[in-house]
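Residue-level listing of the chains:
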Amino acid sequence: MSTSADPDGVLVADERQQTSSGYAFGQLERALRMAAEQDDPAARERARAKAERWRAVIGGMAGGRLTVGSRTPVAGTPAWVTLEVAHGGFATGRLLAELPLSDDEAARVAGLPAEAPGANDRERLNLWYLGDAGQAELLAALASERYRVELPEDAALPTVAWLLRHGHHEAALDLVAELRPWLGRLRLTPPPAPGARPVTGTSVHLEPVGRVREGLRTRAVPEQVTVMRETLGVWHPLYDRLVELWAETVDGDLPELTGDGAVRGGWPCRRWPEDWAPRREQWLADHAAATRERPDATAHPRSNLARLHAALERCPDGSSLLTGREVGWIRRALANTVTAHGAPGSPRRVALRAVQAEVADRPTHAAIAQLLADRLEPFPADGGLPSIEAVTADVADGQPVPRGLVQQVERALDAPVDVLVEHGVIGSGEVLAGVLPRLTSQLLAAGLDDPALRQLYAATYAAFRRRRGLLLLDLQHQVRFGELPWAAALDPLRTPVKGAAREALRETSRLALTAYPQAILPNPLVRELTALAAEAKVGVPLVEEVAADIFMGTFSRKWHDAAAVTSTALAGTLYAHYYDLPDAAYWAAHTPPPEPPGPRDPNAVPVTAAALGRLCVERAAEARTSTERNPVAVSGTMIEQSQILTTHNLAALVHVLDLRDELRPVAPDLTGRVFHWVVRRLTQPSAHRHAALIAVKNVAYAWRQAIFFASLCDDGEQHAAVERLRSFVEDARLTRFHPAVDGLAHVVAGGRFQPNGTAPGGGRRLLGWAAGPHWYLAP
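The model shown is predicted, which means the values in this text are computed figures rather than measured ones. (Residues numbered from 1 in each chain as written. Predicted model: local features only at pLDDT ≥ 70, side-chain atom pairs only at ≥ 80, totals over all residues. Heavy atoms only, no water.)

K.L.:
Please explain the overall build of the protein chain as it appears in this structure.
P.N.:
Of the regular secondary structure elements, the protein chain holds 32 helices and 10 strands. The principal-axis extent of the C-alpha atoms belonging to the protein chain is close to 105 × 90 × 50 Å. Counting every position in the protein chain, which comprises 779 residues, the buried fraction comes to 50%. Charge centroids of the protein chain, computed over 84 positive and 92 negative side chains, lie 4 Å from each other. (Helix = DSSP H or I, 4+ residues; strand = E, 2+ residues; numbered from the N terminus. Buried < 20%, exposed > 50% of the residue type's maximum accessible area, 1.4 Å probe, protein only. Lys, Arg positive; Asp, Glu negative; His and termini not counted. Charge placed at Lys NZ, Arg CZ, Asp CG, Glu CD.)

Encoded structure:
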């Protein structure tokens, strides 16, 4: 089964029970195994919790309470209810808003009159909030912004209160009618917050200050660092005192090693200073005390410390108890340390110990983390940092804060998205997708006049985007924000913000394409861009990445539309020639009927792009390198062809949003960056064959992006890009990648691939999937 929630608009397997239950049992077994093998109690508890979720999935499927693949997988539960969703998009049956009363809520219920209506405490509380006193409390919370919308349901009754206060009685009553069956089960009001929610505007942060502060508080000193500091601060001084004791018994020059490893110099145990015995006793006492405090710290029995220590214990009255062999070992140990570090008190040994003491005295990363956490205390826990300079200023004696801790603090930095991308705080499209809903929420809410309602709407949207997607079958789409009854009730009150939404869509798309040119747009980012496009009334057909292990070869209408845009926008370009794209007339001749608006009736026949599916099957023949019929690999070859035909959103975004002129000047750099990433990725070793297959797939996907960007370049830039790529490959000694380079050079020079994806001279078209052995991984 899939490792992520199934995206919108792809028809997948209908063999639900057998396949889904097998996947669920496999996940349960894996979670139980992890719980049994983990030594860390926290990790063990997380594994147990995961196992309980999978037990709930399996039990719900077996009992008929859960329907895998449905938009409403929990029997009798509408689509707008937020579900607990396990890995892979499986609903567990638990409703996340079905929570026990908090202490504050229990106190509120305890103060209600005995005759207050309601079948249980949750229903009594929700009904109270629908009364005058409860509405007044909710409206006061909205005005002060002292609340948190943790789940979308938290905004339901505050929306009712606002609608009633502002005269929208019919909309409020319709909303109450929708919510009435759930008043006894769900929390429909937001928990209180200690302070007003900060308004970020065009700035975002990855994590709130409070979470970063908690992470810093939990930093601990690694065991190896503790051992090193104890060695430098405790054992080295003890060792130097021990060496000094024995050096004072040497008659003549201190022993040293010669070039051939022999010992030269005087012999120990030939003279005994008057204060030697009491100093010996003091050293043994200090060593015993250090050992008691650190029982795990033991010296190797053949180390200089161990030999000198053992000898010290055996000579309370001089050397009377030491054999000649033991005296020889003392001499050898002294020669070792004097040769390596200098004699006791010598400038060389003193300088070494001074450096080591300075290192031992430096604050640990854990101590610095505690200091940074203290510096974060004045900032609101649920907000971001206006800047990090004051927090990350140098610590004691001008020591800079380690870069890793600075990066941890930067996760709370409030700044425009492009600034966070430029500084590496947002390091991938997945991370960008995680912060984008906060900007989108502010943009969508800007169409509401009332400031308090804008804040509630924005918080609701952000909470909705945190919902995990479901595994869906039969071309169903994920639940959309407008399907929340309280969001739908407010939608007529919103003024369209088409211009701002379009600009946000353009800037976000440009940023994602230029910041991470080697990576396809991740599904969460595609969904957010789709929401912006809908608000902007821009008809840009965006498609998601499809999981190969649940794909059944059928696409929805939007895949056809994206392919049509690609053939139109890239006609005559390097991309069209390299991948042999059909012309725009092909798509015009095979246009499927339009999809009906709104949620699709699950009993209706889905609108599919049949021509696209057939074409993907035909084109995937190039990747069938044997008679092997691994269904996942076969599906993967078809999915890759759908991505090639649509450029996986690159052409749609660049063409519909008029980004070509902005990308044209940077296209050579983007192409070179992707080629460099490809070579670097191929030089990284793979732990096993499956990892190697994934590496080749990811490289081929990045390669496709590079060819798209190269299509924006002129002929001279394309030839130069190929030569740079060839030099990268030669420097890395990736001889097995030469066919891909030669194939690209052949097309850049005006040639074409043969139907099997080969070119004269041994060139090959690079694809990521193969139904059989992949030529790049051939022995």
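K.L.:
Would you take a moment to explain the environment of Pro363 for this structure?
P.N.:
Positionally, Pro363 belongs in the loop between helix 13 (347-361) and helix 14 (365-376). Under the relative-accessibility criterion, Pro363 is labelled partly exposed at 28%. C-alpha separation for the pair Pro363 and His168, spaced 195 residues apart in sequence, amounts to 61 Å. Not counting the four nearest positions on each side in its chain, Pro363 is found in contact with Ile368, Val395 and Gln399. (Contact = heavy atoms within 4.5 Å.)

K.L.:
How should the packing of aromatic side chains be read in this particular structure?
P.N.:
One pass over the structure, following the stated rule, counts 20 aromatic pairs. Consider the rings of Trp246 and Trp272, whose centres lie 6.4 Å apart with planes at 70°: the pair is edge-to-face. Taken as a pair, Trp246 in helix 9 (residues 223-247) and Trp272 in the loop between strand 6 (263-264) and helix 10 (276-293) lie far apart in primary sequence, 26 residues in all. Linked through ring pairs, Tyr575, Tyr578, Tyr579, Phe708, Phe709 and Phe753 together constitute an aromatic cluster. Sitting over the face of the ring of Trp329, Arg307 holds its NZ or CZ atom 3.7 Å from the ring centroid. Directly above the aromatic system of Tyr776 lies the positively charged group of Arg736, at a separation of 5.4 Å from the ring centroid. (Phe/Tyr/Trp six-rings, centres within 6.5 Å; stacked < 30°, edge-to-face > 60°. Lys NZ or Arg CZ within 6 Å of the ring centre and 35° of its normal.)

K.L.:
For this particular structure, what's the right way to read the pairing of strand 2 (residues 83-86)?
P.N.:
On a regular strand, each side chain points to the face opposite its neighbour's, so the side chains alternate between the two faces of the sheet. Taking every second residue as pointing to the same face, both faces of strand 2 are buried, with Leu83 and Val85 on one and Glu84 and Ala86 on the other. Across 3 bridges, strand 2 lies against strand 3 (residues 90-95) in antiparallel orientation. What sits directly across from Leu83, in strand 3, is Leu95. (Pairing = 2+ DSSP bridges.)

K.L.:
Just checking my understanding: could you explain the side chain of Thr758 for this structure?
P.N.:
In this structure, Thr758 sits in strand 9 (residues 758-759). For Thr758, a relative accessible area of 18% gives the class buried. Only 2.7 Å separates the side chain of Thr758 from the side chain of Asn756, close enough to count as a polar contact. Sequence-distant contacts of Thr758, that is, excluding residues within four places in its chain, are made with Phe753, Gly763 and Arg764. (Polar contact = N/O pair within 3.5 Å; in protein donor to acceptor, adjacent residues only side chain to side chain.)

K.L.:
Is there a simple way to think about the pattern of salt bridges in this case?
P.N.:
Between side chains of opposite charge, a pair can form when the charged atoms approach closely. Under the counting rule described, the total for this entry stands at 38 salt bridges. In this structure, Glu123 and Arg180 form a salt bridge, with 2.8 Å as the shortest nitrogen-oxygen distance. In this pair, Glu123 sits in helix 4 (residues 121-129) while Arg180 sits in the loop between helix 7 (169-179) and strand 4 (203-204), placing the two residues 57 residues apart along the sequence. Arg180 sits in the partly exposed class, given a relative accessible area of 36%. Put simply, Glu662 and Arg510 hold a salt bridge, and the shortest N to O gap is 4.0 Å. On the criterion of sequence distance, the pair formed by Glu662 in helix 28 (residues 660-663) and Arg510 in helix 20 (residues 498-515) is long-range, its members being 152 residues apart. Glu662 sits in the partly exposed class, given a relative accessible area of 34%. By relative accessible area, which is 23% here, Arg510 ends up partly exposed. A cluster of three or more residues bridged by salt bridges with shared partners is formed by Arg148, Glu150, Asp154 and Arg187. (Salt bridge = Lys/Arg side-chain N within 4 Å of Asp/Glu carboxyl O.)

K.L.:
I would appreciate a short explanation of the side chain of His774 in the present structure.
P.N.:
You can see His774 is positioned in the segment after strand 10 (763-764). Accessibility expressed as a relative area gives 6% for His774, which makes it buried. Reaching out from His774, the side chain makes a polar contact with the backbone oxygen of Leu767 at a distance of 2.7 Å. Once residues lying within four places of it in the same chain are set aside, the contact partners of His774 are Val696, Leu766, Leu767 and Gly768.

K.L.:
Would you explain the nonpolar core in this entry?
P.N.:
Note on soluble globular proteins: their nonpolar side chains tend to be buried together. With 192 residues, the main nonpolar core has Leu179, Trp703 and Phe737 as its most contacted residues. With 11 residues, helix 30 (residues 689-710) is the single largest residue contributor to this core. For Trp703, the contacting residues outside a window of four places in its chain are Tyr578, Tyr579, Phe675, Val678, Leu725, Phe737, Ala740, Leu744 and Leu766. Among the nonpolar cores identified, the runner-up in size contains 24 residues, and Val234, Tyr239, Trp246 and Leu312 belong to it. (Core = buried A, V, L, I, M, F, W, Y, C linked by side-chain atoms within 4.5 Å.)

K.L.:
When you look at helix 26 (residues 631-646) in this model, what are you seeing that I'm missing?
P.N.:
Every α-helical turn comprises 3.6 residues, leaving residues that sit three or four positions apart pointing alike. The terminal C-alpha atoms of helix 26, which comprises 16 residues, lie 23 Å apart, in line with the 22 Å expected from a rise of 1.5 Å per residue. Summarising burial for helix 26: 14 of the 16 residues are buried, a large majority. A side-chain oxygen of the first residue of helix 26 lies 2.9 Å from the backbone nitrogen of Val632; this N-cap is Asn630. (Expected span 1.5 Å × (residues − 1).)

K.L.:
So what exactly am I meant to see when it comes to the confidence of the model for the protein chain here?
P.N.:
Parts of the prediction with low pLDDT should not have their coordinates interpreted in detail. Per-residue pLDDT for the protein chain has a mean of 86; in total, 93% of the residues score no lower than 70. Taking the mean pLDDT of every element in the protein chain, the minimum, 39, falls on strand 1 (residues 10-12) and the maximum, 97, on helix 23 (residues 574-579). The low-confidence segment residues 1-19 (pLDDT under 50) makes 69 contacts with residues lying over four places distant or belonging to another chain. (pLDDT = per-residue confidence, 0-100.)

K.L.:
I'm lost on the state of the cysteines in this one. Help?
P.N.:
Here, disulfide denotes a covalent bond that connects the sulfur atoms of two cysteines. In total, this model carries 0 disulfides according to the counting rule given. Just so you know, Cys315 is unpaired, no disulfide at all, and the nearest cysteine sulfur is the one on Cys269, 6.3 Å from it. Cys315 gets classed as buried once you look at its relative accessible area, which sits at 0%. (Disulfide = S-S within 2.5 Å.)

K.L.:
What is the right way to read helix 5 (residues 132-144) from this model?
P.N.:
Taking 1.5 Å as the rise per residue, helix 5 with 13 residues should run 18 Å; its terminal C-alpha atoms sit 18 Å apart, in good agreement. Looking only at helix 5, the buried set comprises Gly134, Gln135, Leu138, Leu139 and Leu142. One side of helix 5 carries all its buried residues, which in axial view fall inside an arc of 130°. Exposed side of helix 5, more than 90 degrees from the buried face: Asp132 and Ala143 are the residues found there. (Arc of directions from axis to C-beta.)

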